Amino acid sequence: MRRFFISSQAITQDRARLSGAEFHHLRHVLRLDRGTRVSLYDERGTTYHGEILHIAPTYAEVGLTQHLPPETRAFHLTLAQGLLKGRKMNLVIEKATELGVHTIAPFVSAFTVARIPDGKRAERTARWQHLARAAAKQSGGLPPEIRPPQSFLALLDSIPQHSGKIIFSERERALHLREFAQYSTQLDSLHILVGPEGGFAPEEIEQAQAAGFVSVSLGASVLRAETASITAVALCQFLWRAIQFPPLP
Ligand code: SAM
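Residues numbered from 1 in each chain as written. Predicted model: local features only at pLDDT ≥ 70, side-chain atom pairs only at ≥ 80, totals over all residues. Heavy atoms only, no water.

### A look at the domain arrangement of the protein chain
Interface size is commonly expressed as the accessible area that is lost once the parts come together.
Here is step 1 of the chain: When its domains are assigned, the protein chain resolves into domain 1 (2-68) and domain 2 (76-244).
Here is step 2 of the chain: Distance from the C-alpha centre of domain 1 to the C-alpha centre of domain 2: 32 Å.
Here is step 3 of the chain: Facing eight residues of domain 1, the contacting portion of domain 2 comprises eight residues.
Here is step 4 of the chain: Interface area, domain 1 with domain 2, both sides summed: about 650 Å², of which 57% is carbon and sulfur.
Here is step 5 of the chain: It is Arg 3, Phe 5 and Tyr 41 in domain 1 that bury the most area against domain 2; as a group they hold 70% of the surface buried on that side.
Here is step 6 of the chain: There are one salt bridge connecting domain 1 and domain 2.
Here is step 7 of the chain: Glu 22 is the partner of Lys 137 in a salt bridge, and the nearest nitrogen-oxygen pair spans 3.1 Å.
Here is step 8 of the chain: Looking at the side of domain 1 that touches domain 2, the elements with two or more residues in it are strand E1 (2-5) and helix H1 (20-29).
Here is step 9 of the chain: Grouping the constituent residues of the side of domain 1 that touches domain 2 by class yields four nonpolar, two polar and two charged. (Domains from an automatic or database assignment. Contact = heavy atoms within 4.5 Å. Buried area = accessible area lost by both parts, 1.4 Å probe. Salt bridge = Lys/Arg side-chain N within 4 Å of Asp/Glu carboxyl O. Helix = DSSP H or I, 4+ residues; strand = E, 2+ residues; numbered from the N terminus. Nonpolar A, V, L, I, M, F, W, Y, C, P; charged D, E, K, R; others polar.)

Okay, here's the thing in C-alpha cells:
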C-alpha cells in the first residue's frame, strides 16, 4: 500500500482530504484512482489505512477504515548537527531519517561555515522537514522532527537532564563509543552532538562537558562531518537496539 503524509488537521472522523504535494504525487505521479487502498500517516505518528473514495481536481477524499496508534519507539535518538553546507546537510537529514533518528536539531557554532539568514530559517527548516518526510516515506519509517537552527548554547540549554549525552570529537583519544555503550546499556533517550565542517572550538567541548556531555571517539580517522553523523547515528541505533533485525533463522 502506498504511504502518504497528511496533517492531522485534514482528518475528520472517518474521512481524510489529501491535497498539495502529496495529492500531486498520488494523482499525477502514481496515477492512483478511486477504489485504491492507501496508508496515511500524520505528524503524531498515527497511521491510517483507507480507500480513495473520490478524486477532485485539487484533492483526494479517502475513507478511513483503520487507524494504528503512533509506534512507541523504544529508543529516542536526537542528532544535534552543526550546520553544514547545502547538499551535505540534506544528505545527513536523509540518511539519519532512514536510520530512524527521532529528532534532528541543527545548530550554529563558532566554526560553522554554512550561514542561513534569520529571515530564511523557517523556510529552510520547512524544506528539511519535507526532505525528511520523503525519506521516511521511502524507508517506511516515521519522519523525525526537524528543529529550527539555534545557537550552540541554546541547544545545550534545551537538552533534558535524564537523556544520555555524547559529544563526538576527533580529538578524543581515551573513550571510544564501544566503551561508552558498555556502561550505558539502559538508555531510552540519547542526544549526540556532531560538529560542522570546522569542528568544535575547544571551549565548546568544555561547555558541552559542563552540561553533562561525554566526549567520545569514533576511531582514529578524522571523518568528514557528514560521515561522522551518519556513522554515529547508525552505530547508536544499532547499539541501543532501535534497528530491529529479523531474528536469525
Ligand atoms: N576539526 C577537524 C579538522 O578541522 O580537521 C574536523 C572536524 S570533522 C570534519 C566534523 C565533526 O565530525 C567533528 O566536530 C566531530 O564531531 C566529528 N568527527 C570527525 N571525526 C571523528 C572521530 N574520529 N571521532 C569522533 N567524532 C569525529
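### Remarks on the layout of surface pockets
Here is step 1 of the chain: For the second largest pocket, the calculated volume is near 320 Å³.
Here is step 2 of the chain: Around the second largest pocket, the lining is made up of 22 residues, and of these Glu 170, Leu 223, Arg 224, Ala 225 and Ala 228 lie nearest the centre.
Here is step 3 of the chain: Of the residues forming the lining of the second largest pocket, the biggest block, three residues, is contributed by helix H7 (residues 225-239).
Here is step 4 of the chain: The residue makeup of the lining of the second largest pocket, split by class, is ten nonpolar, seven polar and five charged. (1 Å grid on protein atoms, 1.4 Å probe; cavity = no way out; pocket = protein on both sides within 12 Å on 5 of 7 lines; lining within 4 Å. Points joined across faces, edges and corners; volume = space filled by probe spheres on them.)

### A few points about the packing of aromatic side chains
Here is step 1 of the chain: One pass over the structure, following the stated rule, counts seven aromatic pairs.
Here is step 2 of the chain: Considering the side-chain rings of Phe 107 and Phe 152, the 5.4 Å spacing of their centres and the 55° angle between planes classify their relative orientation as tilted. Placement of Phe 107 in strand E8 (residues 103-108) and of Phe 152 in helix H4 (residues 152-157) is noted, with a sequence separation of 45 residues between them. Judged on exposure class, the residue Phe 107 and its partner Phe 152 are both buried.
Here is step 3 of the chain: Each ring, one from Phe 107 and one from Phe 200, has its centre 6.0 Å from the other, and the planes form 10°; the classification is stacked. Of this pair, Phe 107 sits in strand E8 while Phe 200 is found in the loop between strand E12 (189-194) and helix H6 (202-210), placing the two residues 93 residues apart along the sequence. Per residue, the accessibility class of Phe 107 equals that of Phe 200, and both read buried.
Here is step 4 of the chain: One aromatic cluster is present, built from ring pairs that chain together Phe 75, Phe 180, Tyr 183 and Trp 240.
Here is step 5 of the chain: Looking at Arg 3, its charged tip hangs above the ring of Tyr 41, at a distance of 4.3 Å from the centre.
Here is step 6 of the chain: A cation sits over an aromatic face here: Arg 17 above Tyr 59, 3.8 Å from the ring centre. (Phe/Tyr/Trp six-rings, centres within 6.5 Å; stacked < 30°, edge-to-face > 60°. Buried < 20%, exposed > 50% of the residue type's maximum accessible area, 1.4 Å probe, protein only. Lys NZ or Arg CZ within 6 Å of the ring centre and 35° of its normal.)

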